[in-house]
Every structure is written in structure tokens, then in C-alpha cells.
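Results of the structural survey
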Amino acid sequence: MTGTTQTPMVESLGRIDPERSACVLIGVDNYAHLDPLRSVKHNLTELRDALTDPDIWGIPDDQKRIRSVPNPTSPADLVRPIRQAAELAEDTLIVYYAGHGLIDRHERQLLLTLPDSVEDQPDTCVRSSDVRRAIRDTGAALRRVLILDCCFSGQVLTEMTDGHRQDVETALRTLHDVEGAYVMTSAPRDRPSHAPDPKRCTLFTGALVDVMRQGLADGPETLSLRDLFQEVRKRIVAIRPEVPQEPQDEDHNGVGGLGFVRNAAVSPRRITGPPPSPPTRWQRVRTPVLSVTAGALGLVLGLGTQPLVHWWHDTHPAAAAGPCAVPSPSDAAAPRAVLLDHSDKLNKANVDYEKIYGLSALALVSQGKHVKALALADNSPGRVWPLTLGSPFDLSPSADTAVPLRHADGKLFDNWYDGEAMVIERGGGTDGRTMLIAAETGPAIRRFDIATGRQLGKDFPIRKELRYWPRGSAQTGRSIESLTASPDGRHLYAGWEAPLAEDGDQRGRGIIRIQRYSGTSGGSYTPDWQYAFLADDGMYLSELTAIDDDGHLLALERQYTAGLGTAIRIVELSVADAADVTGMTSLWHQPARILASTELVVDLATCPVGGPGQVAVPSSSPEHPLVDNAEGMALGTPWTSGRYKGWRPLYLVSDDNDSGDQITRLYSFAVKLRP
């Protein structure tokens, strides 16, 4: 172990200034000839999220001050961003690398790998001396920091003696000749670094980010690089892995002792992202070192890791959070939806002796630090629950006393109300004070005062063909199920749950009608155009949410099959180029070009469920524990900064139908929608 703390000699004592620093995060996870390291992708994301968090360090979240470099394809692609960042850094330059680390057996030098790197072919890799030279020789930063998370990374901290020669050769000099430098490595020079779970950060970076987010209970207000290192090493050593991984560090001129990040354990901070969960499986380690060493490591890795894997998996189960397996149209490797959190806190709860159940619609009231919403229950007499949701990254829902829905004269609705959809009206004379609620009983759309629950004005008009038999051909109990308003309030979109009897389906895919209304918020609305789209096989339309003013919507599709469970899909739906089908008595066998286009955003069954015990399993859906009867959906405004800049928060709520087999569950996602 090398790690010396010297008397500080750098100019700027105190805290490393994020506004005048620059950071490069380099990671390689996709290899052609070496084992893939899927954990590295999470490393780049989670570490960047922590460093840009103003409550942790707060480096500006842009491509200048902090730059992520995933899978650089050439040495120049890896080194050039370092030089560019060094030119910008005035205070501190931080360079981070994660990926496979190899050893040049002839020169005894650490090699940083690229996607096409090959063992025993140093020319396919990047010599760490080239990285050191780029850090050392470029720019005028007061301090330089190098963090390596790769096998044998401690090689950069030592001079090795070639056993076959009498003279001493320097395999790699670190940053000794740079005034003000700090190096942190994930492992000693002859040991691997571990990545137990490809869905989570590596062991070293996961611990580093955890310490940044959690802080040290007995630590100072500001933690130094050395403070972080010591706690990370303590946590990793405490695991007692069969193949030891003891992080190393080296400090020159006291850089490691300077204040770096705020101590979250002693300073209040807001949560801006999900904390990374510890990993749960071991990566396969490439060991191109001397044959005796490689053989010994291979023996230990082959025989000794499984008990540790099981112990870590059992004591640190992965959280139910992460990308859902639906590709982006522009990038097949990128998800369009990330599960941020879920909570069952509302399940079977009650407020003032009224039981919370049957939640079928959700509408956002405010989106500040603590998101507030209204949830509609479909049970009689019809109730609206004011909710506080917490943060989308850390859901902690709670409910206030419900507001019952009433007629204009104050009387409760005296039959089964079956409210299924809700819109909070924005703008106009009743901005934020009125709500529109759609009910399958009728079917009907009505305006209510939010504070009192009383109906305002008459029921909205419903076209004859959209009513139940004998007036229309809507299926009994499957009429209006969804309602949304465009952001400007000019249009409402009301969706019917199932095809009209006259419309039917196309080979099991229901032809679903959406009725558009035009008008003004707080004023009158008149039905004008009708659109139609094909739901997925056997699916019904459960909810709609407007994305913009141009006819782009999110549609929540749902299906339940006894013995198979529930299926939940969200599609992006565009009616902008769809035909008006109002005058068409039947849509069966009509040309497909008249229909609205759809594009899958997320299938809930593809979202990560985490480790054991992280998701309660509903009896109605044992095959997919996370999936329950989602009926309500609400879309937030785009994030303007942070990890999900440009993405939007999305919330779902499930209807438990007052059944012990189902769960009232709240979900939060980050979704990437079309511009």
C-alpha cells in the first residue's frame, strides 16, 4: 500500500473549486475480444450524476467542464478529451478511467483497453504513460487527479523490478513530476478489480459514489479525496473477497487533503438521483500477467468466489431501478425509459377511516421539491385523494383527506360512479381550481370544483355512437377510460377502453377510438374530430396523457389474463397525421393509413425488479412482480439539468380493485420522448 500525506504546498488551500475545474470520465464496456464490462456504463452515469449534483460537488453539467467518453475507439479518442479538459481547467483536472486493465509483460506497464483491444497486443491498447503525459503536460491547472478503476491499476503507483535483470526499470511513473497531484486506484498492481453485477456499478466506483451520496456520519462538513478513499477502501476490505481488492492511493503536495465534496451525512441535501446499489455478481477477470500469477488467480477465481457472491447478493440486494429494455429509435443501445423508483406505501392504507383503493387516474398539481398530485378513485361515491409523492427518485407517497364528488346541489352520486380519468384545468378563469373527470357510468365527462368536489355546469356532450347500446355500440363497462388536455387547453382527448362493437379488431389488435374536443380551459368544449389507433395484441386503452399541443400523446395499454397476469405497455401516439373517422360507422378493414401512428416507449415487464425482497409480488401477476394493474398516468415537465436533462418524469398508479391479490402501487420513470 502506498499512500503518503505531505504538507500542502499548492496555491489554493481549502476546497477544490468545481467552477474552475474540468473532469473527463472515460469508460469502456463493449469489447470485441475481451469480456464485456456492462457495469462500466453505470459507472459513467452514476459518477457524473454525483459530481454534477450541486449538493455533492456541483461541477457544471455540460460537455465542457465534465465530459463522458464512452467506448473510445482509438488512443487519440481516449487521450484527446484529456488534453482538451486540461486546457480548460484552472483549479483541478480530474481524469477517471474504467474498463479492463492489462499488463504489458515485457515493459511491465499498465495498459488501458479500448473496445478492440487484444491480450498480449499492447499496440491495441493505450499505455498509461501516454495518459499521464497528457495529464501532466497540458494546461495550467494547479492540481491533477487520476482515478483508475481497472484490474492491476495499482501498477501506476510503483516501480517494478524485472526478476530476469539486475537493473531496475520503471514500468510507469505516476504524476511525481506534477506539482499538486493525487492518484487513486481500485486495486493493487497484481490484483483484479471486481464488477459483481452487470446491472450495477463496479465494486470500487459503486462504493465511491455511495460514499459521495451518503457522506460520513462522523466526518467533517467537507470531505477530501483522501477521506473518500479511506472509506471506500474500508468498505471493500470489510467484504473480505476471496481475491483481495484493496484500493491504493498516492498524494503529492497535499492534494488528497483538500476539501472536495460536501459531506451529505452532516449537511442537508436534496436527492437528485437514485443512489447506486451495490453489485451482486462477479465479472470474469482477464489476467494477462506472468503465467504463475495468472494461474494462481485463475484457481482462486474459479473456486473461491461463489460463497462471497451469495453473501453479497443476500445482504445487499439490488434496487428495483434502472433502464427498461426498449430501444430508442435513434440509438438501439439507449433506453427510452428508466425506472426510477416504486412505492407500495399507499397499499391498503386509510386516511380518516376511509380506505384508499381503486385509484384509476393521476394528475400532477405541482412539481417542486415534493411533487403533489390528485388521484381519482373509481369506487362510489367517487373520491379524489390529494397526494404528496416525494421526489421521482425517492417516492414516499402520503395522502390527505379525500374529497368526495357531488352533484351541483351537493348530493353525492347515488349509484356506481366509476370515475376513470381526470384532468386539472390550467389557464382560463379557473386555473388550477377545476378538474374534468370522465366516468364509464353514463358515459360522462363533468367539470368539478377541486376544493369542494361539486359539479360545475352540465355534462359534456358524448356522441351517439360512443354511448352504450341501444344508442351506440360501446362495450358495456368499457367506454370512456382516459382523458387528457393539451398543454394550451385548446383540446381534450377522450379515449374509449375497447373497440366499439361496429369496429372490432384486426387479428386481435383492438381498433380504439379517441374523441377530440375543442374549446378553452374552464369554458365549453365541443366534440369535433375522432381518431383511431391499433392497440397491441389483446390490450385495452387505460389512459392518455398529452405530450404537446400538436397531437402527440402517451397511451397506457393494459391487459389481464388469468394465470398469466397483467401486461402494461406505454406507447407514444401521434394523431397529427391521422384521419378524422367521425363519419365512419365501422373501422373494421379500413386502410391502415387512416390510423394514428404508435411507437413503444416502455413495456413494464422489461424493467428491473432488483434483488430478493425489493418488489412485493402481487398474486395476480406472479411472473412479473413489478407489474400490477396500472390505470393512472401523469407526465411532468422536462428536466432542464442533471443526468436526465431533456427527459421527462412519468408517474403511474395501479388500481388494486379493493382486492388482496392486487397492490396500490406508485411508479416513477424518466422517459425520453420525441422533440
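So, here's what we can say about the structure.

What counts, and at which threshold
Residues numbered from 1 in each chain as written. Predicted model: local features only at pLDDT ≥ 70, side-chain atom pairs only at ≥ 80, totals over all residues. Heavy atoms only, no water. Disulfide = S-S within 2.5 Å. Helix = DSSP H or I, 4+ residues; strand = E, 2+ residues; numbered from the N terminus. Buried < 20%, exposed > 50% of the residue type's maximum accessible area, 1.4 Å probe, protein only. Contact = heavy atoms within 4.5 Å. Pairing = 2+ DSSP bridges. Axes fitted to C-alpha atoms, helices over the stretch in contact; angles between N-to-C directions. Parallel < 35°, antiparallel > 145°, perpendicular 65-115°, else oblique. Left-handed = near helix turned anticlockwise from the far one by under 90°. Nonpolar A, V, L, I, M, F, W, Y, C, P; charged D, E, K, R; others polar. Core = buried A, V, L, I, M, F, W, Y, C linked by side-chain atoms within 4.5 Å. Salt bridge = Lys/Arg side-chain N within 4 Å of Asp/Glu carboxyl O.

Turning our attention to the state of the cysteines. Summed over the entire model, instances satisfying the criterion amount to one disulfide. A disulfide bridge connects C324 with C607, and the sulfur atoms are separated by 2.0 Å. Taking the sign of the torsion about the S-S bond as the criterion, the disulfide between C324 and C607, at about 105°, is right-handed. A residue pair is termed long-range when its members are at least 10 positions apart, and C324 in the loop between β12 (322-323) and β13 (337-343) and C607 in the loop between β33 (597-603) and β34 (630-635) qualify at 283 residues. Of the two residues examined, C324 and C607, each falls in the buried class. Of all cysteine sulfurs in the structure, the one in C151 sits closest to C150, which takes part in no disulfide; the separation is 7.1 Å. The exposure class of C150 is buried, given its relative accessible area of 1%.

Since there are 3.6 residues in each turn of an α-helix, residues three or four apart along the chain are aligned in direction. S128, S129, V131, R132, A134 and I135 are the residues of helix α3 (residues 128-137) that are buried. Buried residues along α3 sit in contact with α2 (75-88), β3 (92-98), β5 (109-112), β6 (126-127) and β7 (143-149). Downstream of α3 by a residue or two, G139 has a phi angle that is positive, lying close to 75°.

Attention now moves to the pairing of β5. For a regular strand, side-chain orientation follows a simple rule: the groups alternate between the two sheet faces. By the alternation rule, side chains of β5 split into Q109 and L111 and L110 and L112, which are all buried. With four bridges connecting them, strand β4 (residues 101-104) and β5 associate as antiparallel partners. Looking across to β5, one finds that G101 is bridged to L112. From the end of β4 to the start of β5, which pair antiparallel, there are four residues, and R108 there has a positive phi angle of about 50°. Examined bridge by bridge, β5 and β6 share two bridges and lie antiparallel to one another. Its bridge partner lying in β6, L112 is registered against V126.

A separate point is the packing of α2 against α3. At a closest axis distance of 8 Å, the pairing of α2 and α3 adopts a crossing angle of 15°. Overall, the two elements α2 and α3 adopt an arrangement that is roughly parallel. When the axes of α2 and α3 are compared, the crossing they make is right-handed. When α2 is examined against α3, the residues L78, V79, I82 and R83 are found in contact with a partner set consisting of V131, R133, A134 and I135. When grouped by side-chain class, the residues that make up the contact of α2 with α3 number six nonpolar, no polar and two charged.

Taken together, three strands build an open sheet; the order of strands is β4-β5-β6 and the sheet is antiparallel. Taken across any chain shown, the strands that pair with only one partner, and hence form the sheet edges, are β4 and β6.

What follows is about the nonpolar core. Within the largest apolar cluster, 75 residues are counted, with the highest numbers of intra-cluster contacts made by L51, L78, I82, Y97, M212 and F260. A per-element tally of this core places helix α4 (residues 203-214) first, with seven residues. When neighbours within four sequence positions are excluded, F260 is seen to be in contact with R15, I16, L51, W57, I94, M212, T222, L223, S224, L225 and L228. The next biggest cluster of nonpolar side chains, apart from the first, holds 25 residues, and it includes A320, L556, M633 and F669.

Applying the stated criterion across every chain yields a total of 30 salt bridges. A salt bridge links D61 to R48; the shortest N-O distance between them is 3.0 Å. Of this pair, D61 sits in the loop between α1 (39-52) and β2 (66-70) while R48 sits in helix α1; the two residues are 13 residues apart in sequence, bridging distant segments of the chain. Classification of R48 by relative accessible area gives buried; the value is 16%.

We now examine unusual backbone geometry. Along the chain, G442 connects to P443 via a cis peptide bond; the corresponding omega equals -10°. The residue P443 is located in the loop between β22 (434-439) and β23 (444-449) in this model. A positive phi is found at N71, a non-glycine position, where the angle reads about 50°. With respect to the helices, strands and loops of the structure, N71 is situated in the loop between β2 and α2. In this structure, H589 is a non-glycine residue whose phi angle is positive, near 65°. Mapping H589 onto the fold places it in the loop between β32 (565-574) and β33.

On to the sheet that holds β12, then. With antiparallel pairing, five strands are arranged side by side in an open sheet as β12-β13-β36-β35-β34. A single partner strand is all that each edge strand has here, and the edge strands are β12 and β34. Judged from the five bridges that link them, β34 and strand β35 (residues 648-654) form a sheet pairing that is antiparallel. Residue pairing for β35: A634 is matched across the bridge by Y651.

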